[in-house]
Amino acid sequence: MGGSFGLALRSHFPQIEITGYDRAETLERAKASGAIQRAESDLAAAVRSADLVYIALPIVPAIESLAAVAAAVPSHALVTDACSTKSLICRAGREYFKSNSFFLGGHPMAGKEASGVENADAELLRGARYALIAAGEDGDPRVRAFAAMVREIGAEPVWCDAETHDWAAAIVSHLPQLLSVALARVVQDETDETGLPLSLAGSGLRDALRLAASPYGVWRDICLTNNDNISHALDRLAQALEHLRTHLRSRDLEQEFVASNELYKTLHKLK
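Heads up: these notes are all about the structure in this document. (Residues numbered from 1 in each chain as written. Predicted model: local features only at pLDDT ≥ 70, side-chain atom pairs only at ≥ 80, totals over all residues. Heavy atoms only, no water.)

### A short note on the packing of aromatic side chains
Thought 1: Enumeration over the complete set of coordinates arrives at 4 aromatic pairs.
Thought 2: On the numbers, 3.9 Å between centres and 5° between planes, the contact of F5 with Y54 is stacked. Of this pair, F5 sits in helix α1 (residues 2-12) while Y54 sits in strand β3 (residues 52-55), and the two are 49 residues apart along the sequence. Grouping residues by exposure puts F5 and Y54 together as buried.
Thought 3: Measuring from ring centre to ring centre gives 5.8 Å for F97 and F103, while their planes differ by 25°; the resulting arrangement is stacked. (Phe/Tyr/Trp six-rings, centres within 6.5 Å; stacked < 30°, edge-to-face > 60°. Helix = DSSP H or I, 4+ residues; strand = E, 2+ residues; numbered from the N terminus. Buried < 20%, exposed > 50% of the residue type's maximum accessible area, 1.4 Å probe, protein only.)

Written as structure tokens, this is what we have:
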């Protein structure tokens, strides 16, 4: 996500200078791709003169980085993140950023199953919702400026609090991921030595299993930091599956298809 955000900024704001901080080999690939112009091996040096600090790490190392960022960042800077859960990091942000620098929780609702800066895409955020953990644009001018930047690169800010975000993300993002993983497990376990049923699969299964290609390292911290909401989402899914099971021989099953068709149409209207 950090690479995609950097490429998008370079595309829409060519005058911006972007400095990256990461492992040396990652920085080399980021610089070669054009996502950054300057590489820093020291975190304090990377953020010392920054107007905007964009933390694109899994949630646990992102939280662990906040103290060092807060100690080095200029007082006028805005610090934001791209983590998939918000409650813990926003709580930590309020703790560490008590002076003039400002922490804004963020979550771009976009991504690929393939991670790494080599898979970065300048158009990844175009048309995507971008959750911002704030009441709206009436507050800090740095928040307004960042929201305007988000719109300029093609995304749409959605304002909410951290707890609401984590509940919503569990339903529309974290549950689909785990459902895809569970489906992959069923197909794998049912496939016999002849290759069936997997060898009979078509594009429908590939579409359903796209998210199953996501690496565990990306999702481990999400599951750890949004456990209650994800557990609730899985309970609701189990109830829905049981409802389908009990209506397999009933005309009531038609109503489930009608409802799902309508939701699919609504989802596409949101684009």
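### Observations concerning unusual backbone geometry
Thought 1: The step from L196 to P197 runs through a cis peptide bond, and the omega angle for that step is 5°.
Thought 2: You can see P197 is positioned in the loop between α7 (162-190) and α8 (203-208).

### A closer look at the sheet that holds strand β4 (residues 78-81)
Thought 1: Strand order in the open sheet formed by 5 strands is β3-β4-β5-β6-β7, with mixed pairing between adjacent strands. Looking along the sheet, the strands with just one partner apiece sit at the ends: β3 and β7 (156-160). Taken pair by pair, the neighbouring strands of this sheet meet at an average axis angle of 25°, ignoring direction.
Thought 2: Two elements, β3 and β4, share 4 bridges in a ladder whose sense is parallel. Across the sheet, L52 pairs through a bridge with L78, a residue of β4. (Pairing = 2+ DSSP bridges. Axes fitted to C-alpha atoms, helices over the stretch in contact; angles between N-to-C directions.)

### Focus on the pairing of strand β6 (residues 129-133)
Thought 1: With 4 of 5 residues buried, β6 lies mostly within the body of the structure.
Thought 2: In this structure, strand β5 (residues 102-108) lies alongside β6, joined through 4 bridges in antiparallel fashion. Across the sheet, the residue bridging to G105 is I133, located in β6.
Thought 3: Direction of pairing for β6 relative to β7: parallel, over a ladder of 5 bridges. By the bridge assignment, I133 is partnered in β7 with C160.

### Some words on the pattern of salt bridges
Close approach of charged atoms allows side chains of opposite charge to pair.
Thought 1: Within the structure shown, the criterion is met by 11 salt bridges.
Thought 2: A salt bridge links R38 to E40; its shortest N-O distance comes to 3.1 Å.
Thought 3: Between R251 and E254 there is a salt bridge; the shortest N-O distance is 3.0 Å.
Thought 4: Judged by its relative accessible area of 67%, R251 falls in the exposed class. (Salt bridge = Lys/Arg side-chain N within 4 Å of Asp/Glu carboxyl O.)

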